[in-house]
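Chain residues, written in single-letter form:
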Amino acid sequence: MTLQLGAQNYSAQRIFCIGKNYAEHVKELGGRAPGQPVVFMKPATCLVSPGETIRMPAHGNNLHHEAEVVVLIGTPGKDIAESDAASHIAGLTLGLDLTLRDVQSDLKKKGWPWEISKAFDQSAPLGTLTPYGDTLPLDNIPFQCSVNGAVRQTGNSGEMLFAIPYLIHFLSGIWELKEGDLIFTGTPSGVGPLEMRDRVTLHSDLLGTFEWTLA
Ligand code: ZN
């Protein structure tokens, strides 16, 4: 998928996702705060543009919305220092890490990988990117997720257990980050089920408003 950022195009590469990155969300799932970032991935073929219809996946019953701040890497790098992390960011937006919660719970119990609960087709709706500049405060991005007009999740990037610069530092210690890589940075509390015909809206005063409908 091609990601547009102003006049520039990026070819989407890997989608890194961070789990358990907000204390209140860790609590609502009954877990414990991790000692290091919890990382999983989705293929770039999971991305869905704003306004596109999302089909309910058939292999589970409890599809949850997870609203997240998403980072687009513009400058490649390996072993990036936290202090230098911001210079590798090209853009920011909001996205949904759609999760089949019933399937995930079952996989967790078995100790199996999460892919079929997290990385299915259309599991990564992504908003339009805003160029990252000095005016966007990485540690103070307020955002919310509404379903049919009712607010379900309210968060702020400042509440992350592992902040964006640290996530870039951590991931780049394992993978050489590429232009076009995306990082879904984790979800605040308030995750919940979506039903057929629901309208999901992501909003941030700093990043815009994006909407999807389930069919
Ligand atoms: Zn998530």
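Residues numbered from 1 in each chain as written. Predicted model: local features only at pLDDT ≥ 70, side-chain atom pairs only at ≥ 80, totals over all residues. Heavy atoms only, no water.

(A) Here's a closer look at the overall build of the protein. Assigned secondary structure in the protein consists of four helices and 18 strands. Its C-alpha atoms give the protein a radius of gyration of 16 Å, near enough to 17 Å, the size a compact globule of 215 residues would have. Expressed along its principal axes, the backbone C-alpha trace of the protein runs to roughly 40 × 35 × 30 Å. Counting every position in the protein, which comprises 215 residues, the buried fraction comes to 51%. (Helix = DSSP H or I, 4+ residues; strand = E, 2+ residues; numbered from the N terminus. Rg over C-alpha atoms; globule rule 2.2 N^0.38 Å. Buried < 20%, exposed > 50% of the residue type's maximum accessible area, 1.4 Å probe, protein only.)

(B) Region of the structure containing the packing of aromatic side chains. Within the structure shown, the criterion is met by five aromatic pairs. Seen from their ring centres, Tyr-22 and Phe-143 are 6.5 Å apart, and the 65 degrees between their planes marks the pair as edge-to-face. Of this pair, Tyr-22 sits in the loop between β3 (15-19) and α1 (23-28) while Phe-143 sits in strand β13 (residues 142-147); the two residues are 121 residues apart in sequence, bridging distant segments of the chain. On the basis of relative accessible area, Tyr-22 is assigned to the buried category, the value being 2%. (Phe/Tyr/Trp six-rings, centres within 6.5 Å; stacked < 30°, edge-to-face > 60°.)

(C) Structural view of the nonpolar core. The biggest cluster of nonpolar side chains holds 43 residues, and the ones touching the most others in it are Val-71, Ile-89, Leu-92, Ile-164, Ile-168 and Ile-183. Only β3, β8 (67-73), β9 (89-96), α2 (101-110), β13, α4 (164-172), β17 (199-204) and β18 (208-214) provide two or more residues apiece to this core. Residue contacts for Val-71: discarding those within four places in its chain leaves Ile-89, Gly-91, Leu-92, Ile-164, Ile-168, Asp-181, Leu-182, Ile-183 and Thr-185. Tyr-10, Cys-17, Leu-47 and Ala-124 belong to the second-largest nonpolar core, a separate cluster that totals 19 residues. (Core = buried A, V, L, I, M, F, W, Y, C linked by side-chain atoms within 4.5 Å. Contact = heavy atoms within 4.5 Å.)

(D) The arrangement of the side chain of Thr-187 in detail. Looking at the secondary structure, you find Thr-187 in the loop between β15 (182-184) and β16 (192-193). Its relative accessible area of 3% is what places Thr-187 among the buried residues. Within the local environment of Thr-187, its side chain forms a polar contact with the backbone oxygen of Ala-67, the two atoms lying 2.8 Å apart. In this structure the side chain of Thr-187 is engaged in a polar contact, spanning 2.8 Å, whose partner is the side chain of Gln-153. In contact with Thr-187, other than residues within four places in its own chain, are Tyr-22, His-25, Glu-66, Ala-67, Glu-68 and Gln-153. (Polar contact = N/O pair within 3.5 Å; in protein donor to acceptor, adjacent residues only side chain to side chain.)

(E) Highlighting the sheet that holds β9. Taken in spatial order, the six strands of this open sheet run β4-β3-β15-β8-β9-β12, and their pairing is mixed. Looking at strand neighbours, the two that pair on one side only are β4 (38-42) and β12 (130-131), the edges of this open sheet. Contacts from α4 reach β3, β4, β8, β9 and β15 within the one sheet, and its direction differs from that of β8 by about 55 degrees. (Pairing = 2+ DSSP bridges. Axes fitted to C-alpha atoms, helices over the stretch in contact; angles between N-to-C directions.)

(F) Up close: the sheet that holds β16. Strand order across the open sheet formed by three strands is β10-β7-β16, with antiparallel pairing between neighbours. Two strands bound the open sheet, and with one partner strand each, they are β10 (99-100) and β16.

(G) A look at the pattern of salt bridges. Following the criterion strictly, the structure yields eight salt bridges and no others. Glu-66 is paired through a salt bridge with Arg-101; the nearest N and O atoms lie 2.7 Å apart. Of this pair, Glu-66 sits in the loop between β7 (63-65) and β8 while Arg-101 sits in helix α2, and the two are 35 residues apart along the sequence. With its nearest N and O atoms 3.4 Å apart, the salt bridge here joins Arg-199 to Glu-211. With Arg-199 in strand β17 and Glu-211 in strand β18, this residue pair connects regions lying 12 residues apart in the sequence. Owing to a relative accessible area of 34%, Arg-199 belongs among the partly exposed residues under this scheme. (Salt bridge = Lys/Arg side-chain N within 4 Å of Asp/Glu carboxyl O.)

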